[in-house]
Amino acid sequence: MIPFFKYHGAGNDFILIDNRENIFNIDNYYIKNICHRRTGIGADGLILLNRSTENHIDFNMQYFNADGFEGTMCGNGGRCVVAFANYLKIIDKQTIFKGIDDIHRAEILAVNKSIIRVNLQMTDVNTFHAYQKGYFLNTGSPHAVLFQDNVTNFDVFNEGKKIRFDKFFHNGTNVDFVEKRKDSLFVRTFERGVEDETLSCGTGVTASALAWAIADKIESPIKIQTLGGDFIVRFHRQGNYFSEIWLEGDTCQVFEGKLP
């Protein structure tokens, strides 16, 4: 029996496993099954917290999408694994860990029972391309950010699915539909690998904030609302180069159990 924990970051939910002793045998079909919402635990993805062999790295994060296959960086998953590392007493308030894309710093800002607020540093961004009514950029995962009116009533699933497989993108893309509001953004995301809308997406809200900064010269910090919760994105911008990009939001441990 393998212990697991269920976490979510603004409704983006994950199965987390302490795999420092290599107790989990990676099987793509099995991962897909346990992420299934009717016949499994139900999650947007699975995260393994692996041991690091580097002295300055606290742990390694390995992320699998709900389709069972290893994915690119997951911002909400990164914040959840930091909260999990704190729960396991691997870290205290600050950490440095390695994701598939790069080294990440993170800090725990507040703890209120099962709610932990985490601030995660994302990778620098210095390349973006105009695409339809927005931009295409990579914030650890690729995102097409499209500015759209009345996102609340927009058909995110069908419209997102069309763009997700657009030949413009070499390996497909995540798609963010973004509504500009008075002093914030409202974002809904179609995630590749999940192949559906998720309640929020960390790399997606980060990409949306940077796209707004590019389009309308909006300065940091940027507040973002999603169906699952709220975020703050901060960054330093010099021309078209974005650095010191931080994604802040809440995480929550939901329950624990054991896998057969």
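Parameters and conventions
- Residue numbers run consecutively from 1 along every chain, following the written order of its sequence.
- Side-chain atom pairs in this predicted model are given and counted only at pLDDT of 80 or more, local residue features only at pLDDT of at least 70, and totals for whole chains, interfaces and linings cover all residues.
- Just so you know, side-chain values use all the structure's heavy atoms and leave hydrogens and water out.
- Each aromatic pair joins two rings of Phe, Tyr and Trp (for Trp, the six-membered one) with centres within 6.5 Å, and gets the label stacked for planes under 30 degrees apart, edge-to-face for over 60, and tilted for any other angle.
- Charge-over-ring contacts are defined here by two conditions on Lys NZ or Arg CZ: a distance within 6 Å of the ring centre and an angle within 35 degrees of the ring normal.
- With a 1.4 Å probe rolled over the protein chains alone, any residue whose accessible area is under 20% of its type maximum counts as buried; one over 50% counts as exposed, and the rest are partly exposed.
- In this text, helices come from DSSP runs of H or I with a minimum length of four residues, and strands from runs of E with a minimum of two, each type numbered from the N-terminal end.
- In this description, one arc is meant: the one made by directions from the helix axis to the C-beta atoms.
- Should any heavy atoms of two residues lie within 4.5 Å, those residues are counted as being in contact.
- Each polar contact in these results corresponds to two N or O atoms within 3.5 Å; when the atoms are within protein, one needs to be able to donate a hydrogen and the other to accept it, and residues that are neighboring in sequence are counted only if both atoms are side-chain atoms.
- Among buried residues, the Ala, Val, Leu, Ile, Met, Phe, Trp, Tyr and Cys ones that are joined through side-chain atoms within 4.5 Å form a nonpolar core.
- Salt bridges, as used here, are contacts in which a Lys or Arg side-chain nitrogen is within 4 Å of a carboxyl oxygen on Asp or Glu.
- Think of it this way: DSSP has to see at least two bridges between two strands before they count as a pair.

Draft legend 1. Region of interest: the packing of aromatic side chains. If you walk through the whole model with that rule in mind, you get 16 aromatic pairs. What links up through ring pairs into an aromatic cluster is the set Phe-5, Tyr-7, Phe-84 and Tyr-87. Stacked on the ring of Phe-165, the Lys or Arg Arg-164 has its end atom at 4.2 Å from the ring centre. The ring of Phe-147 carries the charged tip of Lys-180 above its face, separated from the ring centre by 4.6 Å.

Draft legend 2. The arrangement of helix α1 (residues 28-35) in detail. Taken as a whole, α1 has its buried residues at Ile-31, Ile-34 and Cys-35. Mapping the buried residues of α1 onto a view down its axis gives an arc of 100 degrees, with all of them on the same face. Elements in contact with the buried residues of α1: β2 (12-18), β3 (45-50), β4 (59-65) and β16 (241-259). The N-terminus of α1 is capped by Asp-27, whose side-chain oxygen sits 3.0 Å from the backbone nitrogen of Tyr-29.

Draft legend 3. Structural detail: the nonpolar core. Ranked by size, the top nonpolar core spans 50 residues in total, and within it Phe-97 and Ile-224 carry the most contacts. Per element, the largest residue contribution to this core is eight residues, and it comes from helix α4 (residues 202-216). Excluding residues that lie within four positions of it along the chain, Phe-97 makes contacts with Ile-57, Phe-59, Met-61, Met-73, Gly-78, Val-81, Val-82, Asp-102, Ile-103, His-104, Ala-106 and Leu-120. In this structure, Phe-4, Ile-17, Phe-24 and Ala-66 belong to the second largest nonpolar core, which totals 15 residues.

Draft legend 4. Representation of the side chain of Asn-65 in the model. Among the secondary structure elements, Asn-65 is positioned in strand β4. Its relative accessible area of 11% is what places Asn-65 among the buried residues. In this structure Asn-65 touches Ile-31, Asp-44, Gly-45, Gly-71, Arg-192 and Gly-193, once residues within four positions along its chain are discounted.

Draft legend 5. The arrangement of the pattern of salt bridges in detail. Tallying each qualifying case throughout the model produces 15 salt bridges. Among the salt bridges present, the one from Lys-98 reaches Glu-54, with a minimum N-O distance of 2.6 Å. Of the two residues, Lys-98 is situated in strand β5 (residues 94-98) and Glu-54 in the loop between β3 and β4; the sequence distance between them amounts to 44 residues. The exposure class assigned to Lys-98 is partly exposed, which follows from its relative accessible area of 29%. Glu-54 sits in the partly exposed class, given a relative accessible area of 28%. Each of the salt bridges in this network shares a partner with another, and the network as a whole consists of Lys-6, Asp-13, Arg-37 and Asp-44.

Draft legend 6. Molecular detail of the pairing of β4. With respect to burial, β4 is a largely interior element, six of its seven residues being buried. Here β3 pairs with β4 via six bridges, running antiparallel. Residue pairing for β4: Asn-50 is matched across the bridge by Asn-60. Summarising the sheet, β4 and β5 pair through two bridges and their orientation is parallel. Of the residues in β5, the one forming a bridge with Phe-59 is Phe-97.

Draft legend 7. Helix α3 (residues 156-164), seen in detail. Within the span of α3, buried status applies to Val-156, Gly-160, Ile-163 and Arg-164. The buried side chains of α3 occupy one side of the element, clustering within an arc of 100 degrees when seen end-on. Tucked into the core, α3 has its buried residues touching β8 (128-131), β10 (142-147), β11 (174-180), β12 (184-191) and β13 (196-198).

Draft legend 8. Structural context of the pairing of β10. The buried fraction of β10 amounts to six of the six residues, a majority that puts the element mostly inside the structure. Of the two faces of β10, both are covered, the one formed by Pro-142, Ala-144 and Leu-146 as well as the one formed by His-143, Val-145 and Phe-147. Relative to β10, strand β9 (residues 134-138) runs antiparallel, the two sharing five bridges. Its bridge partner lying in β10, Gly-134 is registered against Leu-146.

Just distances and angles here, no functional claims.
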